Amino acid sequence: MAQPDEPRPTVVPCRPLPAGICDVVRSDRPRSCCGMAMAGYRTAKYQLPEWHRRNAGVYCSAIAASEEAERGRAEAKHLTKHAAASAQRAQEYSKSTLGQRLGDIHFWRMELQKEIMELDAETNLLAAQKLRLERALDATEVPYAVVIDNLECRERRQPPDLVIDEVERQLLQEADLLRDIRDLLKRTIIQATTQIRSNRIQKENCELDWSDKVETYHIDDKCISYCPDSTNIQSHPSSLKFEENASTPKSWAEFSHDNICRAEQEKLASVQLRSLINNIIHDASEDLRMQRAAANEAFDSHCRQLDEAKLRLEQHLEQILKDIGEEEANIVNLKKAIRDKEAFLKVAQTRLYDRSFRPNVELCRDEPQFRLVSEVEQLTVFLEALKRKLMESEQNLKNLEETRMKLEKEIAVKANSIFIDRQKCMSNRVRYPVDLFDANLALENYSQSMAPAEMIPRIFNLQGN
């Protein structure tokens, strides 16, 4: 800003310029050949007060920078003295506390080593139980395939026997039970896999903590042997500061304690899961054995019912065949009787026809005429009755034939059902495994007989080194 005592520059009034003229200050003085060129230089220059102000600002900046540098040198000298004194006190205090620290590190190292050994042994036992689950799941494939094959075979029964009977209900219950068991085994396998992963993660955390304790123990043991006369000491001023992620003695102890507690929790969860796996395999085997026995009993009962029904149908068929033979003989007799009566009718009608040619008064309604008419009427009535009876007998024969066909079809259906249930289904169920628990008994005895000492990881062999 311009000072009040300084002269202000001359203000040139703004006026519009004609077209084609440069933007310069107009003057009333006589024009010269260089007047127009010098107008731009006069308007672009600084004023003298501005030049003085800029110089004063540069002087002030230089003085401030010099004072700041002087303060920095004084603070650096003071900080150097304070850091040297703090380093001496820290060295004396560290030397007096390293011995106690070594004892704490050794205690937690041994606790972690014990926990790692137990957790590794428990993980191996759980892995053996998981293998039992996988084998039990594989063992359910054959029963499930047998049940599905039984259901599909029974779908090929003929419509009269294609009913939802007790065998069908037992097979459906068996299929549902097998699906539930397979789903339960799969979920338990996933749970065991997750638990094994958790055990190994926690074991890895404990091993990392244990290895850090071992390394720290060697470092502190080496540090406690240092003295001012040692030849392998060097100056490390940057080691005096604490890292942002450095732990406190309380958090350091809590970290190892939390690792051990989490390892104990995972180990307890693993023990409970192994007990649950034993119960699942045992209960699944018992349920499957009971359902298999119920289905087999339903098959036996249904086959006996089919045999009885087939026997009764065969007895009815034998009677129907006998009735068909008698009915056919009856039809033959009726046809012969009709033919005989038609011959008598033809004789009577021929007599009446010939008598109709008697001449004149001889065409008399005499006793023979009335007797012939009565004979024709009587024979016609008998013929109609015989024909009706013939039609009834033929209808009865037709009904007997239809009944015979139905009985033969029913017998064939029953034979097909017996073949499916007895030859297809029951013979296929011989492949049914006896017990899922027995199939895994040897593996269980092997897993329980394993000593924890055989499962110690080789990492602890480095401790003696």
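- An unreviewed UniProt entry lists the protein under the name Tektin, with Ficedula albicollis given as the organism.
- The UniProt entry for the protein carries this comment under Subcellular location (unreviewed entry): "Cytoplasm, Cytoskeleton, Cilium axoneme".
- Within the UniProt record for the protein, the comment given under Sequence similarities (unreviewed entry) is "Belongs to the tektin family."

Points about the overall build of the protein
- The helix and strand tally for the protein stands at eight helices and zero strands.
- Excluding contacts between residues fewer than 6 apart, the proportion of contacts in the protein whose partners are at least 24 apart in sequence is 89%.
- Carbon and sulfur atoms form 56% of the exposed surface of the protein, whose accessible area is close to 32400 Å².

Concerning the environment of glutamine 158
- Counting through the fold element by element, glutamine 158 comes out in the loop between helix 3 (141-154) and helix 4 (166-224).
- When the C-alpha positions of glutamine 158 and asparagine 416 are compared, they lie 7.8 Å apart, and in sequence the two are 258 residues distant.
- Not counting residues within four places of it along the chain, the set of residues in contact with glutamine 158 comprises Val413 and Asn416.

Looking at the packing of aromatic side chains
- By the definition in use, this model includes one aromatic pair.
- With a centroid separation of 5.2 Å and an interplanar angle of 70°, the aromatic rings of phenylalanine 107 and tryptophan 108 are classed as edge-to-face.
- Here arginine 101 stacks its cationic end above the ring of tryptophan 252, 3.6 Å away from the centre of that ring.

Describing the UniProt feature "coiled-coil region" (unreviewed entry) in the protein
- The residues that UniProt annotates with the feature "coiled-coil region" (unreviewed entry) are residues 299-337 and 376-417.
- This span, residues 299-337, is 100% helix and 0% strand, and a straight line between its end C-alpha atoms measures 56 Å.

Focus on the pattern of salt bridges
- This model, assessed by the stated rule, comprises 26 salt bridges.
- The shortest N-O distance in the salt bridge between arginine 154 and aspartate 421 comes to 2.6 Å. A residue pair is termed long-range when its members are at least 10 positions apart, and arginine 154 in helix 3 and aspartate 421 in helix 6 (residues 367-428) qualify at 267 residues. For the pair shown, arginine 154 and aspartate 421 are each scored as buried.
- The structure contains a network of salt bridges with shared partners spanning Arg154, Arg157, Asp165, Glu168 and Asp421.

Focus on the nonpolar core
- Counting 29 residues, the largest nonpolar core has Leu133, Val147, Ile181, Leu185, Ile277, Leu288 and Tyr432 as the members making the most contacts within it.
- Elements with a contribution of two residues or more to this core: helix 2 (48-139), helix 3, helix 4, helix 5 (249-355) and helix 6.
- A per-element tally of this core places helix 4 first, with ten residues.
- In this view, valine 147 contacts Leu171, Glu174, Ala175, Leu178, Arg429 and Tyr432; residues no more than four positions away in its chain are not counted.

With respect to the packing of helix 5 against helix 6
- One way to put it is that helix 5 packs onto helix 6 with a least axis distance of 6 Å and a crossing angle of 165°. Comparing the axis directions of helix 5 and helix 6 gives the class roughly antiparallel. Considering only the axes of helix 5 and helix 6, their crossing is left-handed.

Quick look at the packing of helix 3 against helix 6
- Interaxial distance between helix 3 and helix 6 falls to 9 Å at its minimum, and their mutual angle equals 170°. Taken together, the axes of helix 3 and helix 6 are roughly antiparallel relative to one another. In contact with Val146, Asp149, Asn150, Cys153 and Arg154 of helix 3, helix 6 contributes Ile420, Asp421, Lys424, Cys425 and Asn428.

Comments concerning the side chain of asparagine 199
- Note that asparagine 199 resides in helix 4.
- Setting aside residues no more than four positions away along its own chain, asparagine 199 makes contact with Leu119, Thr123, Leu126, Glu266 and Ser270.

Quick word on the side chain of lysine 203
- Structurally, lysine 203 can be placed in helix 4.
- Residue lysine 203 is classed as buried on the basis of its relative accessible area, which comes to 14%.
- With residues up to four places along the chain from it excluded, the contact list for lysine 203 reads Ile116, Leu119 and Asp120.

Structural notes on the environment of glutamate 401
- By the element assignment, glutamate 401 lies in helix 6.
- Note: C-alpha distance between glutamate 401 and isoleucine 324 (77 residues apart in sequence) is 7.3 Å.

Conventions we followed
Residues numbered from 1 in each chain as written. Predicted model: local features only at pLDDT ≥ 70, side-chain atom pairs only at ≥ 80, totals over all residues. Heavy atoms only, no water. UniProt positions renumbered as here; feature names shortened; annotations may be inferred. Helix = DSSP H or I, 4+ residues; strand = E, 2+ residues; numbered from the N terminus. Contact = heavy atoms within 4.5 Å. Areas by Shrake-Rupley, 256 points an atom, 1.4 Å probe, with all protein chains shown as cover. Phe/Tyr/Trp six-rings, centres within 6.5 Å; stacked < 30°, edge-to-face > 60°. Lys NZ or Arg CZ within 6 Å of the ring centre and 35° of its normal. Salt bridge = Lys/Arg side-chain N within 4 Å of Asp/Glu carboxyl O. Buried < 20%, exposed > 50% of the residue type's maximum accessible area, 1.4 Å probe, protein only. Core = buried A, V, L, I, M, F, W, Y, C linked by side-chain atoms within 4.5 Å. Axes fitted to C-alpha atoms, helices over the stretch in contact; angles between N-to-C directions. Parallel < 35°, antiparallel > 145°, perpendicular 65-115°, else oblique. Left-handed = near helix turned anticlockwise from the far one by under 90°.

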